[in-house]
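# Summary of structural features
What follows is each chain in one-letter form.
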Amino acid sequence: MSEIAERVKKIIVEKLGVEETEITPEANFEMDLKADSLETVELIMEFEKEFNLVIPDEQADKIKTVGEAIAFLESNV
Amino acid sequence: MKFLKPVVITGYGVITPIGNNIQSFTNNLFLGKSGIGSITKFDASKFRTQFACEVKNYQPEDFFEKKEVRKYDLFTQYALVATKEAIEHSGLLNYSNLDKEKVGVISASGVGGVQTFQQEMKTYYEQAKNPRYFNPFFVTKMLIDSVAGYVSIQYGLKGLNFSTVSACASSAHAIISAVQNIQLGMADAIIVAGSEAPIHEAGIGSFNALRALSEKNDNFENACRPFDKNRDGFVMGEGAGALVIESLEHAQKRGANILAEISGYAMNADAHHITAPSPAGEMIIKNMQQALANAQILNKPIDFINTHATSTPIGDIAEINALKTVFGKDLSSINISAPKSMTGHLLGAAGVTESIISILAIQYQQVPPTINTKEIDEQIGMDLNLTLGQTQKRNIKYVLNNNFGFGGHNTSLIFKKFTN
């Protein structure tokens, strides 16, 4: 797993209180990891802070799974 | 004649500097334990006041999932802990005919999530003023009324739902509002929660700026000494209290254990100064008289006066002078006590926690003590039973409970031993 993926995973564990084993690339934040709308917004904010970048709202709206978040960050960091 | 519905208390819960549940709170209250200590929540070494009454051994993970903890400011956590105990104690939710649309929640706090505000602004400045880093839970953590909202969500309570705010009288107003709404038939039962978590830089710093807090850093163990001639300000406390308030009819229908009756109340304003009480106390006199009239006990058979007394130079004397006017020479035969000497001042939580103290006094037929007070201020000028040092046993039928708040808000509540 890439270093970016590791950092993403760490944030998800901390913010959503889920087990590491639940965080698969296919895991959907809302459906599988039970994040509500505010928690999803918080995750995006934490990614911005961790990786020091801006994720525009229209991009953020497309990030539904762990894999999509990692892919976006790997190509933009 | 009084045609209003009788209203009773059927459940209670607390988390305070002298006990994290009703059982330990009751024990320590009647043992005269102090909740005071050096401030551990932040580095207070440069503050005028470096001590407070903190809640001890509190681990949020004992009560909440990790994910929840981050979403609740400490004042919300305290409120939810006390509320859980009160609701469970009352057995309200076990009642099979409960109409949850007729169960309300009124929460109260002086200022709500100020610590969250402080933290968010700190992050903002540390992160080069990047506004993108404000947390999406900033608003809900800060809002005073989030407590009422969360309690309704957790327990599915769909009746009236809001918060009352009046500084240190906030949760006393919440109780009065609950009683009135039940009397008007707007609810069968109402959960009332008062909470405050003010032990942080902003809380201590702002009250220090007002010179409202005791500054006896070298000898803080007995700093909170209401009515003592060497008192120099109040001691900050924190925590929460919660009550289940119900119409007598509803409580009896479900066979609830009735802890006490709320037999009278009154509320008014000093219209004098934003922080200082009126020295003549003319409006707190009227307020207590009105509460006695509301309870229909004009012969004033009060056994215990649970004072607001916070250990400030002006406030304690104003209250005692008002008591003298209301009760005259009978005052010397009434037990007067100032439990803030043990708990510190719980601000927006004071109304509920001190009402719980009043109820416990009725249940146990004991008056909790005013601790730390040694030399009585000569301005009191009358031989009074201030319940110094130790709990006193007494037949208690009626308790008068005062709470006043910055802004000149005055409240008085009268609790009565329940008899069928």
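Helix and strand counts for chain B stand at 13 helices and 14 strands. For chain B, whose C-alpha radius of gyration is 20 Å, the value lies close to the compact-globule estimate of 22 Å for 420 residues. Principal axes of the C-alpha set define a box for chain B whose edges measure 65 × 55 × 40 Å. In chain B, buried positions account for 56% of the 420 residues. A separation of at least 24 residues holds for 81% of the contacts in chain B among residues at least 6 apart in sequence.

If you look at the interface, chain A gives nine residues, while chain B gives eight residues. Element by element, the count of residues in the side of chain A that touches chain B is highest for helix H2 (residues 37–51) of chain A, at six residues.

Residues and elements named next belong to chain B. Take Gln-366: it is sitting in strand E11 (residues 366–367). Residues Gln-366 and Lys-46 lie 320 residues apart in sequence; the distance between their C-alpha atoms is 41 Å. When near neighbours in sequence (up to four residues on either side) are disregarded, Gln-366 contacts Phe-30, Ala-361, Thr-391, Gln-392 and Lys-393.

Looking now at the domain arrangement of chain B. Residues and elements named next belong to chain B. For chain B, the assigned domains are domain 1 (7–253) and domain 2 (264–416). Each of domain 1 and domain 2 was reduced to a C-alpha centroid, and the two centroids are 21 Å apart. Each partner contributes residues to the interface: domain 1 has 60 residues there, and domain 2 has 56 residues. Residue assignment for the side of domain 1 that touches domain 2 shows that the elements contributing at least two residues are strand E1 (7–15), helix H1 (22–31), strand E3 (51–53), helix H7 (170–183), strand E6 (189–196) and strand E7 (239–247). A per-class count over the side of domain 1 that touches domain 2 returns 33 nonpolar, 20 polar and seven charged.

This part takes up the confidence of the model for chain B. In the predicted model, chain B carries a mean pLDDT of 97, and the fraction of residues at 70 or more is 99%. Overall fold confidence for the complex sits at a pTM of 0.96, while the interface term, ipTM, reaches 0.88.

Residue and element names in this part refer to chain B. The terminal C-alpha atoms of helix H4 (residues 114–126), which comprises 13 residues, lie 18 Å apart, in line with the 18 Å expected from a rise of 1.5 Å per residue. For H4, every residue scored as buried is listed here: Val-114, Gln-115 and Thr-116. Buried positions along H4 lie against helix H3 (74–90), helix H5 (138–142) and helix H8 (201–209). With its phi angle positive at about 50 degrees, Ala-128 sits one or two positions after the end of H4.

What follows concerns the packing of helix H1 (residues 3–16) of chain A against helix H4 (residues 66–76) of chain A. All names here are of chain A. As a packed pair, H1 and H4 sit with axes 10 Å apart at the nearest point and diverge in direction by 135 degrees. Compared by their axis directions, H1 and H4 come out oblique. Considering only the axes of H1 and H4, their crossing is right-handed. Here Ile-4, Ala-5, Val-8 and Ile-12 of H1 come into contact with H4, specifically with Val-66, Ala-69, Ile-70, Leu-73 and Glu-74. Per-class residue counts for the contact of H1 with H4 are eight nonpolar, no polar and one charged.

How each quantity is defined
Residues numbered from 1 in each chain as written. Chains lettered and ligands numbered in written order. Predicted model: local features only at pLDDT ≥ 70, side-chain atom pairs only at ≥ 80, totals over all residues. Helix = DSSP H or I, 4+ residues; strand = E, 2+ residues; numbered from the N terminus. Rg over C-alpha atoms; globule rule 2.2 N^0.38 Å. Buried ≥ 20, exposed ≤ 12 C-beta atoms within 10 Å, placed from the backbone. Contact = placed C-beta atoms within 7 Å. Domains from an automatic or database assignment. Nonpolar A, V, L, I, M, F, W, Y, C, P; charged D, E, K, R; others polar. pLDDT = per-residue confidence, 0-100. Expected span 1.5 Å × (residues − 1). Axes fitted to C-alpha atoms, helices over the stretch in contact; angles between N-to-C directions. Parallel < 35°, antiparallel > 145°, perpendicular 65-115°, else oblique. Left-handed = near helix turned anticlockwise from the far one by under 90°.

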